[in-house]
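Here's the letter readout for the chains.
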Amino acid sequence: MASPLKETFHQAGAAPPTPTALAAKVRTLAPSMTRSMQLVAEAVAGDPAGCAALTVTGLAARTGTSEATVVRTARLLGYPGYRDLRLALAALAAQQAAGRAPAVTADIAVDDPIADVVAKLAQEERQCLADTAAGLDTGQLEAAVTALAAAHRIDVYGIGASHLVGQDLVQKLLRIGLIAHAPGDPHLAVTNAVQLRTGDVAIAITHSGRTTDVIEPLRVAFEHGATTVAITGRPDGEVSAYADHVLTTSTARESELRPAAMSSRTSQLLVVDCLFIGVAQRTYESAAPALSASYEALAHRHVPRNRR
């Protein structure tokens, strides 16, 4: 079997991120960067117009880093070199000047009026969805959909809030006639994974990319020949080493009142909905009748009591 180690960052031949996706990628990858690379990433995200006007030497001087750090940051973000990053920054600056790039909202304060909480959360979730959509590798998504549509069996692994997202995907897949499971117990997840073979699919959902109880069953599934998919906010995390396909999610900024488990859920739900719709399209001839049958089987439960 081939080595599970995979290229996590910029794959050869992959197209550089679009200007809109650049901002999303900075937000996604910054927490996993070295401090010096974070300084460069924060600078380009915070002032794309100003940074676009700088040479590699100028940006290194502005951020107190080195030219090598600037180039490494550009490559980590998906660009062949600094020149390509600089062009993307100029395009992003033009979008912002035209009013097409939404501003980042302030954190929610403990004494914010409820109306402000609603407005800030709505803006954060819109930004999170936009970032995820912009940064999602549609080639990887297409490959994952293809595997799911032909799968004999599908296992979905997640812990905590990610498990709830996994359950959402499983119940959708079940309603279109696929065999899917989302074991909530980590030991059961591993024993289920042992039974997977070529033609089966295992999906791991972990925002951090480092959750042991999610990585372990995915590794077992990978080693037994199943096609593996990772849905993660940290594509550099260990989970990606055992994933045939990596689907990267974005996340809203964390604060005391908005932890990662809460902010990551929105983008994870978008990705699993994309997977489901893609599978439903591929299997429409069987999915449509199965979905109709499930609606019909539950229809009597939706009739008000006083009309029975």
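Note that the coordinates shown come from a computational prediction; the quantities given were computed from them, not determined experimentally. (Residues numbered from 1 in each chain as written. Predicted model: local features only at pLDDT ≥ 70, side-chain atom pairs only at ≥ 80, totals over all residues. Heavy atoms only, no water.)

This structure, assessed with the given rule, holds one aromatic pair. Ring geometry for F222 and Y242: centres 6.3 Å apart, planes at 70°, overall edge-to-face. Within this pair, whereas F222 is found in helix α11 (residues 212-223), its partner Y242 is found in the loop between β4 (227-232) and β5 (245-248), the two being separated by 20 residues in sequence. Neither F222 nor Y242 differs from the other in exposure class; each is buried. (Phe/Tyr/Trp six-rings, centres within 6.5 Å; stacked < 30°, edge-to-face > 60°. Helix = DSSP H or I, 4+ residues; strand = E, 2+ residues; numbered from the N terminus. Buried < 20%, exposed > 50% of the residue type's maximum accessible area, 1.4 Å probe, protein only.)

Right, let's talk about the side chain of R234 for a bit. With respect to the helices, strands and loops of the structure, R234 is situated in the loop between β4 and β5. Discounting residues that sit within four places of it in the chain, R234 has contacts with T28, P31, H207, S208, G209 and S240. (Contact = heavy atoms within 4.5 Å.)

Mean pLDDT for the protein: 85, with 86% of residues reaching 70 or above. The least confident element of the protein is helix α1 (residues 19-29), whose mean pLDDT is 74; the most confident is strand β1 (residues 154-158), at 98. With pLDDT under 50 throughout, residues 1-13 is counted as low confidence; its partners more than four residues away or in other chains account for 21 contacts. For residues 101-106, every residue scores under 50 in pLDDT, and the model assigns this stretch 15 contacts once sequence neighbours within four places are set aside. (pLDDT = per-residue confidence, 0-100.)

This part is about the pairing of β4. In terms of residue burial, β4 counts as a mostly covered element, since five of its six residues are buried. Looking at chain direction, strand β3 (residues 201-206) and β4 are connected through six bridges and run parallel. In the sheet register, V201 faces β4, and the bridge partner there is T227. Of the crossover connections in this fold, the one passing from β3 over α11 to the parallel β4 is right-handed. Relative to β5, β4 is paired through four bridges, and the arrangement is parallel. Paired with V229 across the bridge in β5 is H245. (Pairing = 2+ DSSP bridges. Right-handed = clockwise from strand over helix to strand, strands pointing away.)

In total, this model carries eight salt bridges according to the counting rule given. In this structure, the salt-bridge partner of D47 is R62, at a minimum N-O distance of 3.1 Å. Note that D47 is positioned in the loop between α2 (35-46) and α3 (48-52) and R62 in helix α4 (residues 56-63), a separation of 15 residues in sequence. With relative accessibility at 27%, the residue D47 sits in the partly exposed group. In this structure, K172 engages D273 in a salt bridge whose closest nitrogen and oxygen atoms are separated by 3.6 Å. In this pair, K172 is assigned in helix α9 (residues 161-175) and D273 in helix α12 (residues 260-282), connecting sequence segments 101 residues apart. (Salt bridge = Lys/Arg side-chain N within 4 Å of Asp/Glu carboxyl O.)

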